[in-house]
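# Results of the structural survey
What follows is each chain in one-letter form.
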Amino acid sequence: MTTTESYDPASHYDRVTAGWALLLGSELHYGVFDDGQERLDVATHRLTELMVEAAALEPGLRVLDVGCGSGAPACDLARTYGVSVVGITTSQVGVATARDRASREGVTGVSFEQRDGTDNGFPDASFDRVWVLEASHLMPDRRALVEESARVLRPGGRLVLCDIIRRREIPFLEVRQRREEFATLRAAHGAARMDPLEQYAALCEDAGLVVDRTVDLTDRTLPTFDRWLANVHQHRARVEELMGADNVAAFERSCHILDAFWRDGTLGYGLLSAAKAA
């Protein structure tokens, strides 16, 4: 899924954040299902748990959460694992929502700032972990994201990343034939580019990181789309107030499109972790 048009991810998330809390759940990301019957909130928390395991979190570590969304994972990490978290996003609404969440829930050890993950402005070697959850697909300069992540990691630090991945090449003719589907995905989820998990691994190695885990979670994330559709039906009136009827309709269509892409092997979901030499 690519585009050459000008696109501002911050504006997209400013527009959809409030509605997505009802459609995607409070954590604003995919779920990992062990038996396919779990509630969405259980499955999204399971994905967070897999990232925690890959990150090897320990109390006292300093974590950079790149693309922090509404702040739910950052607050959960600080509260549950005793780490301090700095969440960054280009969305002003996202920062305000995350700060409000932390204040409302009484979570300490978290802060949220409006910064760009591909040029974050933090000093070298200032974090023990970098956490990138479903943010990279909206960053055109994937190499800059990985290099910035490696730069701010301390020796022995770890990068953990989860995102939508491309599992096969999509011929140009197929892209043209399916342009309406890709346009719907762009309208609903932003101007994204999906790369293979292996490409992320190569970028990490180029940045001097040692990749120690790559996991294809495609099959285990597939039920996410049924849960999102159920939320559309349950909350349609309210999310149409928040996002507009056209945006909700695009989101609903996108769930069917993504489900088909997951099933035919075009797109999927992956997890990667990599370490910086001590």
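Heads up: the structure comes first, above all this text.
## Observations concerning the side chain of Glu134
Mapped onto the elements, Glu134 comes out in the loop between strand E4 (127-133) and helix H5 (142-152). Within the buried core, Glu134 has no salt-bridge partner, and the shortest N-O distance to an opposite charge, that of Arg142, equals 13 Å. With residues up to four places along the chain from it excluded, the contact list for Glu134 reads Leu28, His29, Tyr30, Leu47, Cys162, Asp163 and Tyr269.

## Looking at the packing of helix H3 (residues 72-81) against helix H4 (residues 92-105)
Between H3 and H4, the shortest axis-to-axis distance is 9 Å and the interhelical angle comes to 35°. Here H3 and H4 pass one another in a crossing that is right-handed. Contact with H3, carried on its side by Ala72, Cys75 and Arg79, involves Arg101, Ala102 and Glu105 of H4 and no other residues of that element. Of the residues assigned to the contact of H3 with H4, the class counts are 3 nonpolar, no polar and 3 charged.

## Considering the packing of helix H2 (residues 40-55) against H3
Contact geometry for H2 and H3: axes closest at 12 Å, N-to-C directions at 60°. Taken as a pair, H2 and H3 cross one another with a handedness that is right-handed. Taking contact as the criterion, the partners of His45, Thr48 and Val52 in H2 are, on H3, Asp76, Leu77 and Tyr81. Looking at the contact of H2 with H3 residue by residue, the class counts come to 3 nonpolar, 2 polar and 1 charged.

## Observations concerning the pattern of salt bridges
A full pass over the atoms with the stated rule returns 25 salt bridges. Of the charged contacts, one joins Arg143 and Asp206 as a salt bridge, the two residues approaching to 3.3 Å between their closest N and O atoms. Highlighted residues: Arg143 in helix H5 and Asp206 in helix H8 (residues 197-206), separated in sequence by 63 residues. Look at Arg143 and you get partly exposed, because its relative accessible area is 38%. For Asp206, a relative accessible area of 54% puts it in the exposed group. Between Asp212 and Arg158 there is a salt bridge, with its nearest N and O atoms 2.8 Å apart.

Definitions and cut-offs
Along each chain, the written sequence defines residue order, and numbers are assigned to residues from 1. pLDDT decides what is reported in this predicted model: residues at 70 or higher carry local features, side-chain atom pairs at 80 or more are listed and counted, and totals for whole chains, interfaces and linings draw on all residues regardless. To get the side-chain values, all heavy atoms of the structure are used, and hydrogens and water are removed first. What counts as a helix is a DSSP run of H or I of at least four residues, what counts as a strand is a run of E of at least two, and both are numbered from the N terminus. Relative accessibility thresholds used throughout: buried, under 20% of the residue-type maximum; exposed, over 50%; partly exposed, between the two (1.4 Å probe, protein chains only). Charged residues are defined here as Lys and Arg on the positive side and Asp and Glu on the negative side; His and the ends of the chain fall outside this count. Between Lys or Arg on one side and Asp or Glu on the other, a salt bridge is scored when a side-chain nitrogen of the former is within 4 Å of a carboxyl oxygen of the latter. Any two residues whose heavy atoms approach within 4.5 Å are treated as being in contact. Axis lines are fitted through C-alpha atoms, for helices just across the contact stretch, and the angle between N-to-C directions can take any value from 0 to 180 degrees. Crossings are classed by handedness, with left-handed meaning an anticlockwise turn of the near helix from the far one by less than a right angle and right-handed meaning a clockwise turn. Each residue gets one label: Ala, Val, Leu, Ile, Met, Phe, Trp, Tyr, Cys and Pro are nonpolar, Asp, Glu, Lys and Arg are charged, and the others, such as Gly, are polar.

Purely spatial values, then, with no claim about function.
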